[in-house]
There are 4 protein chains.
Amino acid sequence: MIVVMKHGASPEQVQHMIQRVEQLGLKAHPIYGTEHTVIAAVGEKRDEFRQSLESGPGVAAVVPILAPYKVASREVKPEPTVVRAGSLAVGNCHLGMIAGPCAVEDLEQTLSTARAVRVAGATALRGGAFKPRTSPYSFQGLKQAGLEILAAAREETGLAVVTEVIAGEDIPLVARYADVLQIGARNMQNYRLLEAVGEEGKPVLLKRGPSATLDELLLAAEYILNAGNPNVMLCERGIRTFESHTRYTLPLASVPWLHERTHLPVVVDPSHGTGHTNLVTRMAAAAIAAGADGLIVEVHPDPESALSDGYQSLNFQQFEELMSLCRRVAEAVGRKIGPYS
Amino acid sequence: MIVVMKHGASPEQVQHMIQRVEQLGLKAHPIYGTEHTVIAAVGEKRDEFRQSLESGPGVAAVVPILAPYKVASREVKPEPTVVRAGSLAVGNCHLGMIAGPCAVEDLEQTLSTARAVRVAGATALRGGAFKPRTSPYSFQGLKQAGLEILAAAREETGLAVVTEVIAGEDIPLVARYADVLQIGARNMQNYRLLEAVGEEGKPVLLKRGPSATLDELLLAAEYILNAGNPNVMLCERGIRTFESHTRYTLPLASVPWLHERTHLPVVVDPSHGTGHTNLVTRMAAAAIAAGADGLIVEVHPDPESALSDGYQSLNFQQFEELMSLCRRVAEAVGRKIGPYS
Amino acid sequence: MIVVMKHGASPEQVQHMIQRVEQLGLKAHPIYGTEHTVIAAVGEKRDEFRQSLESGPGVAAVVPILAPYKVASREVKPEPTVVRAGSLAVGNCHLGMIAGPCAVEDLEQTLSTARAVRVAGATALRGGAFKPRTSPYSFQGLKQAGLEILAAAREETGLAVVTEVIAGEDIPLVARYADVLQIGARNMQNYRLLEAVGEEGKPVLLKRGPSATLDELLLAAEYILNAGNPNVMLCERGIRTFESHTRYTLPLASVPWLHERTHLPVVVDPSHGTGHTNLVTRMAAAAIAAGADGLIVEVHPDPESALSDGYQSLNFQQFEELMSLCRRVAEAVGRKIGPYS
Amino acid sequence: MIVVMKHGASPEQVQHMIQRVEQLGLKAHPIYGTEHTVIAAVGEKRDEFRQSLESGPGVAAVVPILAPYKVASREVKPEPTVVRAGSLAVGNCHLGMIAGPCAVEDLEQTLSTARAVRVAGATALRGGAFKPRTSPYSFQGLKQAGLEILAAAREETGLAVVTEVIAGEDIPLVARYADVLQIGARNMQNYRLLEAVGEEGKPVLLKRGPSATLDELLLAAEYILNAGNPNVMLCERGIRTFESHTRYTLPLASVPWLHERTHLPVVVDPSHGTGHTNLVTRMAAAAIAAGADGLIVEVHPDPESALSDGYQSLNFQQFEELMSLCRRVAEAVGRKIGPYS
């Protein structure tokens, strides 16, 4: 950390802050500049103490130097993590293609979708049984019945099942059926839930909150990793900005930025990231060109009749076209879709 | 809802959408414009069906007309709600002043703060026993021991206790000690938790998520109201924007905007909303001038040594000055601080 | 500046950067931390060289310490600047109240507004003769005829005239009629125009761009100050965020933040800052409570028939109510409206 | 337009608004809903009158139906526009690759860069002679001397020259040397400048302002098109959001969104869009996968010594790698780089 003193801070204030830094077990290196004095605080401590120093007398700011996350960082583990769950492999040379309906509505809808995406080349099935909905008046999911349908679809197609868990008390139930537990964007900072999926141990797909910084995303992953679960996939699904022509703004530069800093794989969700069927395929291709380790895409047999998110779902033919475009782009950037490369 | 057809949508597409609207139990009024056809869909249904219509053939957009929330709206209940909890009254002519430490650290810290804010004129005590923290390496709160300290402080000072609950399983414990259950910004869309505090029945302080729209805030309140709990206070605590000189951006226009649309009282948090001690007092005064029904302010005996949020906490003297300024502004805008007006 | 080297940067890279820092005429203080080496670069240079250092080998980041602006800063001039222009005084104890129509439409509209706002207590008249409009199909202003109308209104009411200039070539014409030259939000970073109004010398009202940081606003002011014109008023008029229920988000914490760092006065525009008539008065009062040195408010005899911005304009009675509320809040925070205090 | 009346608006207010709509030359279709009355206003008028209606009595909101731009829209001209300028062709099947230094610094720097990017496959040379800089203390460009250097580089390499013009008075000078006039992001809403480049007639590269909506970008283009210049390239270069790990957030979904609505070609700037050398290549490839019609990339012989933007410039080898990756992705999505396809 660098403690920046205000212009005109008194020698006593500087002395006081040097002592504070040393009380925290850090070594203080004061540097007397032409307008400001700064105190470099050296040691292994991350910025736990940053806040404490910031309210010291005469302090203008405290600048962190170390990244706040540890276990998720490439500095700790340079080689990329590959997360595997049945038919799904994500990371390093493996491109995971997760597709399926926003919500599980009935057996036929889910089975037919699973078959169609399997044929098109998907490597896992997504589908929501517990749906967190903005409005209490919207469809909230089939719950256990939905999980059973997903398991039936896995049985038939061999596709691993990715499904969301929205509360700690549901984890045992959901984990009985799912291959990957998804933490939704709204729950990215539900720390109790993060710890609980960390303890459960099944692979986790962790979605970025729409106003979370990438540091906060990595710290959320850190909660899961610290609880003993190394199988975390990060998911960029768009952030909230002033743009209203898309549902969210999908900032694909997150992908190479994260790859530099973390060994965890990065999946992109072009469905939520755009919110419009006719933008999904192009952004899927762009995500792969940006280096994404996987995609998660909403597909529905008849988007117009979907109980949720129909406006951003692809029908079977559109998904086939997406897969065909993505396969070509993946090859262009030296990646292959699927687990068996 | 207004279904806007694309320029050049075919008569068959228009006809199809008219049928879809009527299948949903709404009455369809097509209007043939010079460039676009629009279909007004009339009926009591809110926008549950909006998504379904948006993916119809030839549809450019669906524009909602009705607000998505009901029970929270002034249309349903025109008179302002007053939320009361012991020494605290918030809403209508009552200005609630909630103050105290970010986190309960020990008995002495909390008691001395409670005494000081009571003398200065606060009408409730805040303090965190369960702390949701961005980093797993930060102080996570004293939990039950913290709740006991808060109860002791209430015992002595008579101040109602406002404290956060971060998981459904903690509600019985927290509700045993607290007068008001706070839902933090990160949990604004933790719907299971919202339903649970709705069922518990104690007054709730619901903080706006940093990227939540005001419609989403009202829908989150609706989850609580629908579960049978009418005592909800909304809390504006700042949104995330490109501004980095403040921790969040505090958009005070939320206050009059909400007052037009909802009967629920609106509390402002200038501590999180700015993130800097020396901006808190001015923004507290501004919030009251904007019409806020209450404030929630972080106060600490020695901010420099606080275990969390010291950089945005006031010391006792600063809080006294805040109260003195706020009292004058409250009078200027025709409000009085406290429950006994 | 602090040059932060990457984890694992080689001794040669550190040495290279030390040399680079010294080539720039700064003194280099390397500090060898447990994970990172940082090099403090001490000297009078601001961050002109920051970019150059950022692309050095092994560099993770360069952290500026000095603020990038000079002449605008309180460190250079601690006492607050008071800007005066005829009937208008803004800064220190003076609260300037600038009111009038968005666009000058005709003599009667402007004269009647000038009279009404004068009676209500305004200390200057605003009105656009050159209108920058998002759409080429919108009303673009009366230009010279509009300036003549403004001058006639000043003649009769004694109110100083504040009006926008949108291009360097118009400055001589506009300056012949105006008392204060307004730089609109869209032109905040039109540096050629800033230099030109700096050279002209008349007082300037500089509006913040909707995505400008406060540092960028102060640097824009610096362009004007450096050209020899010390009479600059800053204007907070709202920033663009994800919020769509207001036209912009009005971040009033800018006011105390700017007051700490600059001696220039800060005016707030609650009309553009909210975009809705019924939010203007409350946000005007809030701005004064936050410490604003003045307001600029849109007023129109008949907002419904206004050629621009009617939806955010007050009618005469609404403005009177605004003045009455603001006067009470001003008193509560120890300020007085007008030049003669 | 749809005029939405407030819940509880009186029959007189509805009648008044019907009359207002018809006074504006539009046909009014009132629809009486269960909670709100809405009035559809049909006619060829765009939303010039929207503001006027919004301040009517009892009006809750006015919802525009028609896009505010005309000439730029695909409805007016369905086939894509190809912009050509010497060696550069952009649009339809043509991918333009514009590369070169942020600022022209001297002959050697510019010539060597032009040669290198030509060999790597660029189809035009960029370089700034007039530099708009946030700080008055930064390097402001070589001006005419810079233009002469650019012309010399074109002479030798045959590459068309793209360079920024920052003020109307400079247009004759800049147009004498440049093949394409660039309007920078800060000037996107400098309407006088837009009209002036519209009248000049040379092809224009129009950069999106960092807080401009895409509708505003298209309206800015409309200013140029309306002045008689059909050769406009739009440029997505990133928007300002809460993300601070990248300089701007690059929202590539703009590309397919714009392609649906406008016939104008869309160029992407991954250098400003990310602000970090090591993110540029990946985002360049992603832009092409998203369907961009061209790229504009900063390249410098020695980024570390660049007078501006070194931290986001590629060196020659990095640019070669970018071209090689982009060529493969272009092929994968069915595009070819260069004018001779």
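All values derive from a computational prediction rather than experimental measurement. (Residues numbered from 1 in each chain as written. Chains lettered and ligands numbered in written order. Predicted model: local features only at pLDDT ≥ 70, side-chain atom pairs only at ≥ 80, totals over all residues.)

Peer 1: Describe the overall build of chain A, and please don't skip the residues or the numbers.
Peer 2: The helix and strand tally for chain A stands at eleven helices and 15 strands. In terms of overall dimensions, chain A has a C-alpha envelope of 75 × 45 × 40 Å along the principal axes. In chain A, which comprises 341 residues, the share counted as buried stands at 65%. Counting only contacts in chain A whose residues sit at least 6 apart along the sequence, the fraction spanning at least 24 positions is 66%. (Helix = DSSP H or I, 4+ residues; strand = E, 2+ residues; numbered from the N terminus. Buried ≥ 20, exposed ≤ 12 C-beta atoms within 10 Å, placed from the backbone. Contact = placed C-beta atoms within 7 Å.)

Peer 1: I'd like a rundown of the interface of chain B and chain C, residues and numbers included.
Peer 2: Contact residues are listed per partner, giving 34 residues for chain B and 34 residues for chain C. Only α8 (254-261), α10 (277-289) and α11 (316-332) of chain B provide two or more residues apiece to the side of chain B that touches chain C. No other element matches α10(B), which puts seven residues into the side of chain B that touches chain C.

Peer 1: Requested: an account of the relation of the copies chain B and chain C, with residues and values cited.
Peer 2: For the pair chain B and chain C, the superposition axis carries a translation of 0.0 Å, the fit reaches an RMSD of 0.0 Å, and the rotation angle comes to 180°. The transformation just described matches what one would write down for a two-fold rotation axis. In terms of proximity to the rotation axis, the leading residue of chain B is Ala286(B), whose C-alpha is 2.0 Å off the axis. In this assembly the copies share their binding face: 100% of the residues contributing to the interface of chain B also contribute to that of chain C. (Least-squares fit on C-alpha atoms with pLDDT ≥ 70 in both.)

Peer 1: Please set out the pairing of strand β12 (residues 232-236) of chain B residue by residue, giving values where relevant.
Peer 2: All names here are of chain B. Most of β12 sits inside the fold, with five of its five residues counted as buried. A two-sided burial pattern is seen for β12, the buried positions comprising Val 232, Leu 234 and Glu 236 on one face and Met 233 and Cys 235 on the other. Both strand β11 (residues 204-207) and β12 contribute to a ladder of four bridges, which runs parallel. The residue of β12 that forms the bridge with Leu 205 is Met 233. After leaving β11, the chain enters helix α7 (residues 214-226) and then returns to the sheet as β12, a path that is right-handed. The pairing of β12 with strand β13 (residues 266-268) spans three bridges and is parallel. Bridge pairing in β13 places Leu 234 opposite Val 266. Between β12 and its parallel partner β13, the chain crosses via α8, and the hand of that crossover is right-handed. (Pairing = 2+ DSSP bridges. Right-handed = clockwise from strand over helix to strand, strands pointing away.)

Peer 1: I'd love a proper account of the environment of Gly58(D), names of residues and values included.
Peer 2: Relative to the helices and strands, Gly58(D) resides in the loop between α2 (50-54) and β4 (59-63). Given 18 C-beta atoms within a 10 Å radius, Gly58(D) is considered partly exposed.

Peer 1: Describe the interface of chain A and chain B, listing the residues and the values that go with them.
Peer 2: Each partner contributes residues to the interface: chain A has 41 residues there, and chain B has 41 residues. Secondary-structure elements contributing two or more residues to the side of chain A that touches chain B are α2 (50-54), α6 (191-200) and α7 (214-226) of chain A. Considering every element that reaches the side of chain A that touches chain B, the biggest residue donor is α7(A), with five residues. Grouping the constituent residues of the side of chain A that touches chain B by class yields 13 nonpolar, 17 polar and eleven charged. (Nonpolar A, V, L, I, M, F, W, Y, C, P; charged D, E, K, R; others polar.)

Peer 1: A description of the relation of the copies chain A and chain B should follow, citing residues and the corresponding values.
Peer 2: The two copies are related by a screw operation: chain A maps onto chain B through 180° of rotation and 0.0 Å of translation along the axis, at an RMSD of 0.0 Å. With an isologous cut-off of 70% or more, the 100% of interface residues of chain A that recur at the interface of chain B puts this contact in the isologous class.

Peer 1: Outline the sheet that holds strand β3 (residues 37-42) of chain C, listing residues and values.
Peer 2: Residues and elements named next belong to chain C. Ordered by their spatial adjacency, four strands build an open sheet running β2-β3-β1-β4, and the pairing between neighbours is antiparallel. A strand with exactly one partner marks an edge of an open sheet, and here the two such strands are β2 (27-32) and β4 (59-63). Put simply, the sheet's adjacent strands are angled 20° from each other on average, direction ignored. Where strand β1 (residues 2-5) and β4 come together, four bridges link them in antiparallel fashion. (Axes fitted to C-alpha atoms, helices over the stretch in contact; angles between N-to-C directions.)

Peer 1: Explain the sheet that holds strand β3 (residues 37-42) of chain A to me, and be specific about the residues and the numbers.
Peer 2: Residue and element names in this part refer to chain A. Taken in spatial order, the four strands line up as β2-β3-β1-β4 in an open sheet, and their pairing is antiparallel. Because the sheet does not close on itself, it has two edges, and the strands there are β2 (27-32) and β4 (59-63). Geometrically, the sheet is characterised by an average inter-axis angle of 20° between neighbouring strands, direction not taken into account. Where strand β1 (residues 2-5) and β3 come together, three bridges link them in antiparallel fashion. For Ile 2, the partnering residue across the bridge sits in β3 and is Ala 40.

Peer 1: Please provide a residue-by-residue account of unusual backbone geometry, values included.
Peer 2: Despite not being glycine, Lys143(B) has its phi angle at roughly 55°, a positive value. With respect to the helices and strands, the residue Lys143(B) is situated in the loop between β8 (124-126) and α4 (144-157).

Peer 1: So what's going on with helix α3 (residues 107-120) of chain D? Which residues, and what values?
Peer 2: Residue and element names in this part refer to chain D. Compared with an ideal rise of 1.5 Å per residue, which puts 14 residues at 20 Å, α3 spans 20 Å between its outermost C-alpha atoms and is within 8% of the ideal. Every buried residue of α3 is listed here: Gln 109, Thr 110, Thr 113, Ala 114, Ala 116 and Val 117. Buried residues along α3 sit in contact with β7 (94-100), β8 (124-126), α4 (144-157) and α11 (316-332). Taken from the residues just after α3, Gly 121 is the one with a positive phi, measuring 120°. (Expected span 1.5 Å × (residues − 1).)

Peer 1: How would you explain the packing of α6(A) against α7(A) if you had to name every residue and give the values?
Peer 2: Residue and element names in this part refer to chain A. Two elements in contact, α6 and α7, have axes separated by 7 Å at closest approach and are oriented at 40°. Accordingly, the angle class assigned to the pair α6 and α7 is oblique. Relative to α7, α6 is oriented so that their crossing is right-handed. Contact with α6, carried on its side by Tyr 191, Leu 194, Glu 195, Val 197 and Gly 198, involves Ala 220, Tyr 223, Ile 224 and Asn 226 of α7 and no other residues of that element. Tallied by class, the residues present in the contact of α6 with α7 amount to six nonpolar, two polar and one charged. (Parallel < 35°, antiparallel > 145°, perpendicular 65-115°, else oblique. Left-handed = near helix turned anticlockwise from the far one by under 90°.)

Peer 1: Describe the confidence of the model for chain A, naming the residues involved and giving the relevant values.
Peer 2: Confidence along chain A averages 93 in pLDDT terms, with 97% of residues attaining 70 or more. Quick note on the complex model: pTM equals 0.95, ipTM equals 0.94. (pLDDT = per-residue confidence, 0-100.)

Peer 1: How would you summarise the packing of helix α3 (residues 107-120) of chain B against α4(B) if you had to cite specific residues and measurements?
Peer 2: Residue and element names in this part refer to chain B. α4 packs onto α3 with a crossing angle of 35° between their chain directions and a minimal axis gap of 9 Å. Here the hand of the crossing between α3 and α4 comes out right-handed. The residues of α4 that touch α3, namely those facing Leu 107, Thr 110, Leu 111, Ala 114, Arg 115 and Arg 118, are Ile 149, Leu 150, Ala 152, Ala 153, Glu 156 and Thr 157. Taken together, the residues of the contact of α3 with α4 sort by class into seven nonpolar, two polar and three charged.

Peer 1: Go over the environment of Glu195(B), please, and point to the residues and values.
Peer 2: Residues and elements named next belong to chain B. Tracing the sequence through the fold places Glu 195 in helix α6 (residues 191-200). A residue is classified by how many C-beta atoms lie within 10 Å of it, and Glu 195, with 18 of them, is partly exposed. Spatially, the C-alpha atom of Glu 195 lies 9.4 Å from that of Ala 220, the residues being 25 residues apart in sequence. In contact with Glu 195, other than residues within four places in its own chain, are Tyr 223 and Ala 227.

Peer 1: How would you explain the environment of Lys207(A) if you had to name every residue and give the values?
Peer 2: All names here are of chain A. By the element assignment, Lys 207 lies in strand β11 (residues 204-207). Judged by C-beta crowding, with 26 C-beta atoms within 10 Å, Lys 207 ranks as buried. With near-sequence residues (within four places) excluded, Lys 207 lies in contact with Gln 182, Ile 183, Gly 184, Ala 185, Met 188, Cys 235 and Arg 237.

Peer 1: Which residues make up helix α10 (residues 277-289) of chain A, and what are the values?
Peer 2: Across the 13 residues that make up α10(A), a large majority, twelve, are buried. Among all positions in α10(A), only Thr277(A), Leu279(A), Val280(A), Thr281(A), Arg282(A), Met283(A), Ala284(A), Ala285(A), Ala286(A), Ala287(A), Ile288(A) and Ala289(A) are buried.

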